[in-house]
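The chain contents come next:
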Amino acid sequence: MKTAALQIRTPEGIVFSQLLAGPVTRFLAWFIDVLCISALLTLLGRVLMLLQILNQDFAAALYSLGYFLLSIGYGIAFEWSWRGQTIGKKLLRLRVVDAEGLRLQFNQIVTRNLLRFVDSLPAFYLVGGIVSLLNPACQRLGDIAANTIVIRNPRVLEPDLDQLLAGKYNSLRQYPHLAARLRQQVLPTAAALAVQALLRRDEFEPVARVELFAELAGHFRARVEFPPEATDGITDEQYLRNVVDILYRSRIDTRSEKVAAG
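Residues numbered from 1 in each chain as written. Predicted model: local features only at pLDDT ≥ 70, side-chain atom pairs only at ≥ 80, totals over all residues. Heavy atoms only, no water.

Caption draft 1: Focus on the nonpolar core. Ranked by internal contacts, the top residues of the largest apolar core, which has 29 residues, are Leu182, Phe220, Phe226 and Leu247. Contributing elements (two or more residues each) for this core: helix 9 (176–185), helix 10 (188–199), helix 11 (206–223) and helix 13 (236–261). What Phe226 contacts, discounting residues up to four positions off in sequence, is Leu172, Tyr175, Leu178, Ala179, Leu182, Thr231 and Tyr239. Residues Ala21, Leu94, Leu104 and Val150 belong to the second largest nonpolar core, which totals 9 residues. (Core = buried A, V, L, I, M, F, W, Y, C linked by side-chain atoms within 4.5 Å. Buried < 20%, exposed > 50% of the residue type's maximum accessible area, 1.4 Å probe, protein only. Helix = DSSP H or I, 4+ residues; strand = E, 2+ residues; numbered from the N terminus. Contact = heavy atoms within 4.5 Å.)

Now the structure itself:
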């Protein structure tokens, strides 16, 4: 069985692939999330046991409201705060993204989660599972309505930083608190895209190369804004080199320090 992938083509004609998550993997992630929701509902039920003594109908109404909010709000809250992931998706390395490769919007997350009730009919996500099997992008009804897909988020291999960044001064390292925030804000897929662009920079036409690095640099600048003295006078390509250095070499240095300390 072939592995489905989403092809994203940049204006410069460069194609990057995102591996799509299949129905089985998505079902396992959903099952983990169901266990988490069930645990929360059990906790809610125990809290409301005391209220049942005073007013059983009011307690039942609160439980019904809590069930609805947890069933829908769980996915919305986690996917928004964790940038497309729930606990189940995080454990299985899955992520919800925009089907066009754009930034995932809050209204997309709300739409796909509100339609979970339809996808789960009549039981065990039968409707959603059938639609996902028939859809070339493995989308359920909620994904189709929200224009989202679920991708596999494989581990990103460390690039050869000594070759890629040799002899380059990194002005961003003068601001360790902003560098740490950058590592928190950037998705692994975006980091991998930056590395691929640097590794393949000599393959691009001069104009396309400038446009590509300007677009990528703008993406990372929007994540974390460094002071002007850290970015003035450097090209977009050098800025991207500095970002990659922060994202990858800092992780390697941290691991090395832990090994030495151990």
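Caption draft 2: Expanded view of the environment of Gly22. The residue Gly22 is located in the loop between strand 2 (15–19) and helix 1 (23–54) in this model. On the accessibility criterion, Gly22 (24% relative accessible area) is partly exposed. Put simply, Gly22 and Gly129 are 107 residues apart on the chain and 9.8 Å apart in space, counted from C-alpha to C-alpha.

Caption draft 3: Structural view of the pattern of salt bridges. Under the defined criterion, the tally for this structure stands at 12 salt bridges. The residue Arg112 makes a salt bridge to Asp143 at a minimum N-O spacing of 2.8 Å. On the criterion of sequence distance, the pair formed by Arg112 in helix 4 (residues 106–114) and Asp143 in helix 7 (residues 141–146) is long-range, its members being 31 residues apart. Through salt bridges that share partners, Arg26, Glu79, Lys89, Arg112, Arg116 and Asp143 make up one connected network. (Salt bridge = Lys/Arg side-chain N within 4 Å of Asp/Glu carboxyl O.)

Caption draft 4: View of a positive patch on the surface. A surface patch of positive charge is lined by Arg83, Lys90, Arg93 and Arg103. Summarising the element assignment, Arg103 is placed in the loop between strand 3 (94–98) and helix 4. (Patch = residues over 30% accessible without salt bridge, like charges linked within 9 Å, V, L, I, M, F, W, Y side chains within 5 Å. Areas by Shrake-Rupley, 256 points an atom, 1.4 Å probe, with all protein chains shown as cover. Lys, Arg positive; Asp, Glu negative; His and termini not counted. Charge placed at Lys NZ, Arg CZ, Asp CG, Glu CD.)

Caption draft 5: Fine view of a nonpolar patch on the surface. On the surface, Val24, Phe27, Leu28, Phe31, Leu35, Leu91, Leu92 and Phe124 cluster together to form a nonpolar patch covering roughly 820 Å² of accessible area. Here the nonpolar patch takes 5 residues from helix 1, the largest share from any one element. Mapping Phe27 onto the fold places it in helix 1.

Caption draft 6: Broad picture of the packing of helix 1 against helix 2 (residues 56–81). It is the contact of helix 1 with helix 2, at a shortest axis distance of 9 Å, that shows an interaxial angle of 160°. With respect to helix 2, the axis of helix 1 lies roughly antiparallel. For helix 1 against helix 2, the interelement crossing comes out right-handed. Residues Asp33, Cys36, Ile37, Leu40, Leu41, Leu44, Gly45, Leu48, Leu51, Gln52 and Leu54 of helix 1 form the contact with helix 2, whose participating residues are Gln56, Phe58, Ala59, Leu62, Tyr63, Gly66, Tyr67, Leu70, Ser71 and Tyr74. For the contact of helix 1 with helix 2, the residue count by class is 15 nonpolar, 5 polar and 1 charged. (Axes fitted to C-alpha atoms, helices over the stretch in contact; angles between N-to-C directions. Parallel < 35°, antiparallel > 145°, perpendicular 65-115°, else oblique. Left-handed = near helix turned anticlockwise from the far one by under 90°. Nonpolar A, V, L, I, M, F, W, Y, C, P; charged D, E, K, R; others polar.)

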